[in-house]
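Breakdown of the fold
Here is what each chain is made of, one letter per residue.
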Amino acid sequence: MTAAVGEISAIAALLVAMAGAVASAVALRTRNEGLVSVSAGAAWILLGLVTVSALALTYGLVSNDFSIRYVAFNTTRGTPIYYKITGLWGALEGSILLWIWMLSLFTGLVSLIHRRTQREILPAVLSVLFVVSAFFLVVVAFVASPFQRLFPVPPDGRGLNPLLEDTNMLTHPPFLYAGFVGLTVPYAFAMAALITGRLDESWIRSTRRWTLMGWLFLSIGNLIGGWWSYHVLGWGGYWAWDPVENAAFLPWLPATAFLHSVMVQERRKMLKVWTLSLIILAFSLTIFGTFLTRSGILSSVHAFSDGPVGIYFLIFLGIILIASLGLLAWRGERLRGQPQLDSLISRESAFLLNNFVLVAATFTILLGTVYPLIAEIVRGVKVSVGAPYFTQVSAPIFIFLIFLMGIGPLIAWRKASLDNLRRNFLVPGSVALAVGVLLSMVSVRDFYPLLALTLCTFVAATIVFEFYRAIRARNRIAGEGVLRALSTLFQRNQRRYGGFIVHLGVVLIIMGIAVSMSYSREREATLKIGEGIQLGKYYVQFQGMGAGEWPTHFRVWGNYQVFNQGHPITVMSPAQRFYPTQQSPISRAVLRSTVKEDLYLVLGGFAQDGSNSTVKVLVRPMVSWIWIGGVILVLGTLLAVWPFGRQRLGDEED
Amino acid sequence: MTKRKKMQLGIGLAVILGAIAYVIFGGLQQAVVYFFTPQELRAKGEAIQGKPVRVGGVVEKGTLIREPQTLTVQFILSDGKESLKVRFQGIPPDLFGEERGAVVEGTLQPDGTFRASTIMAKHSEEYKPHKDGKTPDPKEMYKTLLTGDRQ
């Protein structure tokens, strides 16, 4: 029954999406106002039907309806209620249902927010969104249906992969999908601009918030992924350059480039083709990423179940690329004759360079990710491209980006004079140089970390310096105090100052990555009770084993007394969890995190009588900076997009 | 923009592009690791000795020996046709065990054994239990491990 409701509403939603696409296309041609309203209404019906479908699956999960294959494979009777609900995106079929639900929600919001401001191109926008929705609904209804029945009905289900039983894992996929779907909206507007020929800046202005929100969700999704990997997977790392991780990270790069190139287009009416290409690239990569991870074409430690969906995503990707690039070529005439670059030493050129480097990073990582595939097709050999490739290649690229991050926001538009350069960069440059020299004298001797830290200092100094000067100016003009001045600055130019905060967050993240990658240490040993190992200033002493029953599993842990330079600081208890449905135990690492460094313990094994245990000890410096930087990045983005009550949504000025 | 500036810009971009291309291909050449089955590895003979490769297979039943004191792990990795004796020092991943698929990265030694620097076991989203406790078909498990296997 539940399955039937879900299935039927999914099919009905597909019909509505197709009808909506046709209605809006006709509305676009005939300029029929009534039809525009009809397609806007269709967006809401679509949302309603997809919601029913998603609720049906959720109900199936919560009510232990094991006649549904998806439910039987992803929950058990004993699964706590919250993991049953999040089982909705625990595996492929449900994830796609969640994806289309978010897409239909965004489509509804677009039709609501932009019904007045963008009435001219709204039908074209909706048409694109309906087509994308229809594709996902075909997958949900016919290819990878979450409502497939299972017969005979098993008495109990198999349960979720225990690695996914984690609060971060509850939030990671929805954020990623929200990011992917968020990018669909500016893509739809870009296509609408091409279709209607209204290629001025109005589509960019309308989608500014959508783009930033999509970018924000994508950033959060990736950060949470790293956090989960670090805290749960128990290998001490947060990023492995695995194809699945790359698939989530790849769209972020052109999306970031897009965020910057739209500023140039708004301000100088330049880079139109480039900006359009970037959003096409970003959106295509979200689809391509899904193809990569879901086709099973690349081996990955994350191993999603391979399904038949891969080929559908590939076909859809082909359609998107042909249609988008075709439109771009068709409108090529109208996109010409833009203003030219005045000088190489200008903000335009810094942004162009930033874009160029981000796209280069995209293709570098893309190449490394698909290289095994190319090698197999072309040369018939199986190869894998390991993390060293990605770190080696991306380190110089990202270091150059940090440099541009310091230059871009401050250098003058059109042509920077020597005076402008001196005024903006003399002080931060000197500070950075001094810090760099100091660091090299203290301890940081390796080239890349030293360069990265110096440039990060440079960026941070430019930001602090800029705030300092702006506050001083407010103080002189209006006699405002520091806080009052800050609030004025954010109100007057929230995008600019929000952007600075985002940059500050990125700087902290990069510092955390640079240092933790270069200066981590680890040791592992088998210890009898009372024995210990030394790692740096820490001494870790094994005190004994403990065990206990948990709601979903049986847990065994080791107790380790940790000494810092001879002083006892804490007892840490890394564990292994034994799940009834799993063949082998799952490690649960524990860590003690400080601003300076993390101490990370993993229980590798133990004797049945508890007399000895094998433990892995890692010291990873400055990892917490990544998470702190992530929080700052989120706050900065929110400051940049928050509607401070001055304007209606979708009705944006500059 | 004048012709001269255009040329400057062009040269600048070309230099950056060249640098990136150089880094990419240099990086790829160093970082590409070939993937073999034990049988394919044997077929390569001595030529492959000492070069970093990945080998995928199933850990044979009854061959896994762990020595906690030295943190040494030994086992025989098999693809059903050939088998390979593997030595590893460290803590293998959670999902590693007998009769399970594993991919090892390391080098073939002159004595024909394989010294692994990394062991990879595959996480699976859905747990697939063996029917009636029967031994799983090594081919089936092996299939799920290999690159480029479209089922």
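On a predicted model such as this, the values are computed, not experimentally measured, just so you know. (Residues numbered from 1 in each chain as written. Chains lettered and ligands numbered in written order. Predicted model: local features only at pLDDT ≥ 70, side-chain atom pairs only at ≥ 80, totals over all residues. Heavy atoms only, no water.)

**Some points on the environment of I374 of chain A**
Within the fold, I374 of chain A resides in helix α14 (residues 347-379). Sequence-distant contacts of I374 of chain A, defined by excluding residues within four places in its chain, comprise L367 and R379 of chain A. (Helix = DSSP H or I, 4+ residues; strand = E, 2+ residues; numbered from the N terminus. Contact = heavy atoms within 4.5 Å.)

**A short note on the side chain of N354 of chain A**
Secondary-structure assignment places N354 of chain A in helix α14. Beyond its immediate stretch of four places on either side in the chain, N354 of chain A contacts H260, L401 and L404 of chain A.

**A few points about helix α18 (residues 482-492) of chain A**
Taken together, the buried positions of α18 of chain A are A485, T488, L489 and F490 of chain A. In this structure, the buried side of α18 of chain A is in contact with α17 (447-478), α19 (494-518) and α20 (623-641) of chain A. (Buried < 20%, exposed > 50% of the residue type's maximum accessible area, 1.4 Å probe, protein only.)

**Looking at a nonpolar patch on the surface**
A cluster of nonpolar residues, I311, Y312, L314, I315 and I319 of chain A, forms a patch on the protein surface that exposes about 460 Å² of accessible area. Here I319 of chain A lies in helix α12 (residues 309-330). (Patch = residues over 30% accessible without salt bridge, like charges linked within 9 Å, V, L, I, M, F, W, Y side chains within 5 Å. Areas by Shrake-Rupley, 256 points an atom, 1.4 Å probe, with all protein chains shown as cover. Salt bridge = Lys/Arg side-chain N within 4 Å of Asp/Glu carboxyl O.)

**Thoughts on the pairing of strand β6 (residues 101-108) of chain B**
Residues and elements named next belong to chain B. Of all the eight residues making up β6, seven are buried; the element is thus mostly covered by neighbouring parts of the structure. By the bridge criterion, six bridges tie strand β2 (residues 53-59) to β6 in an arrangement that is antiparallel. By the bridge assignment, V55 is partnered in β6 with V104. Where β6 and strand β7 (residues 114-120) come together, six bridges link them in antiparallel fashion. Along β7, the bridge assignment pairs G106 with A116. (Pairing = 2+ DSSP bridges.)

**Details of the confidence of the model for chain A**
Residue and element names in this part refer to chain A. Per-residue pLDDT for chain A averages 88, and the proportion of residues at 70 or more is 94%. Averaged pLDDT values for the elements of chain A fall to 78 in helix α13 (residues 332-335) and rise to 95 in α20. In this model residues 300-305 is a low-confidence stretch, pLDDT under 50, and it forms 24 contacts with partners more than four residues away in sequence or in other chains. Low confidence marks residues 648-654, where pLDDT is under 50. Its contacts with residues over four positions away, or in another chain, come to 17 contacts. (pLDDT = per-residue confidence, 0-100.)

**Side note on the environment of R198 of chain A**
Residue and element names in this part refer to chain A. Looking at where R198 falls in the secondary structure, it is placed in the loop between α7 (167-196) and α8 (202-233). Residue classification places R198 among the partly exposed positions, given a relative accessible area of 38%. C-alpha of R198 to C-alpha of F425: the two residues are 227 residues apart in sequence and 39 Å apart in space. In this structure, R198 is in contact with E120, I121, A193 and W203, ignoring residues within four places of it in sequence. At 3.2 Å, the side chain of R198 and the side chain of E120 are in polar contact. (Polar contact = N/O pair within 3.5 Å; in protein donor to acceptor, adjacent residues only side chain to side chain.)

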